[in-house]
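Next come the chains, spelled out residue by residue.
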Amino acid sequence: MKKIIKLWFIYFVSLVIICEALPSLRIADGYLTLVKAAIALSFFDFLIKPIVKLLLLPINILTLGIFRWIINVLVLYLTTILVPHFQINPFLFPGFQSNGLVLPSFSLSLFWSYIFVSFLLDLISSIIRWLIK
């Protein structure tokens, strides 16, 4: 039980950080939707993710662990289906220009946006797990 609550807290804080940083992650009802999404993510991480990782272990070994992100994208997609006001939209970076530094604008499709949010969610939750230990 303690592990599930810890996992929920990690996902909740990670989602709050990502929501503040990225405009592509859209939360309609505020913190109640974040709580529901964190519960769904922790449920999928605790019960479904180990089964899928075990079933897809040969593919994950062949791709040297890169397929793990696809599993995270699948879990994130299932969360957007389960939680109605939690959605991921295509990402648009408007560009940046300052003192001669120019970053051009670019956009990511919905698929790449899912991969980007999944990567950030995994990165931030790993950092939080490391800080909690």
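As a reminder, the structure under discussion sits directly above these lines.
Only a predicted model underlies this, so the values are computations on that prediction, with no experimental measurement involved.

Thresholds applied
- Residues numbered from 1 in each chain as written.
- Predicted model: local features only at pLDDT ≥ 70, side-chain atom pairs only at ≥ 80, totals over all residues.
- Heavy atoms only, no water.
- Helix = DSSP H or I, 4+ residues; strand = E, 2+ residues; numbered from the N terminus.
- Expected span 1.5 Å × (residues − 1).
- Buried < 20%, exposed > 50% of the residue type's maximum accessible area, 1.4 Å probe, protein only.
- Contact = heavy atoms within 4.5 Å.
- Polar contact = N/O pair within 3.5 Å; in protein donor to acceptor, adjacent residues only side chain to side chain.

Draft legend 1. Region of the structure containing helix 5 (residues 110-132). Between the first and last C-alpha of helix 5 there are 32 Å, a value that for 23 residues agrees with the 33 Å anticipated at 1.5 Å per step. Residues S113, Y114, I115, V117, S118, L120, L121, D122, I124, S125 and I128 constitute the buried set of helix 5. Buried positions along helix 5 lie against helix 1 (2-21), helix 2 (31-55), helix 4 (67-82), strand 2 (86-88), strand 3 (91-93) and strand 6 (106-108).

Draft legend 2. Layout of the side chain of S125. Position of S125 relative to the elements: it lies in helix 5. Its relative accessible area of 1% is what places S125 among the buried residues. A distance of 2.8 Å separates a polar side-chain atom of S125 from the backbone oxygen of L121. Leave out the neighbours within four places in its chain, and S125 touches I10 and S14.

Draft legend 3. Region of interest: unusual backbone geometry. Backbone geometry places L64, a non-glycine residue, at a positive phi of 60 degrees. A relative accessible area of 77% places L64 in the exposed class. With phi around 50 degrees, N99 is a residue other than glycine that occupies positive phi space. With respect to the helices and strands, the residue N99 is situated in the loop between strand 4 (96-98) and strand 5 (101-103). Since its relative accessible area comes to 83%, N99 is described here as exposed.

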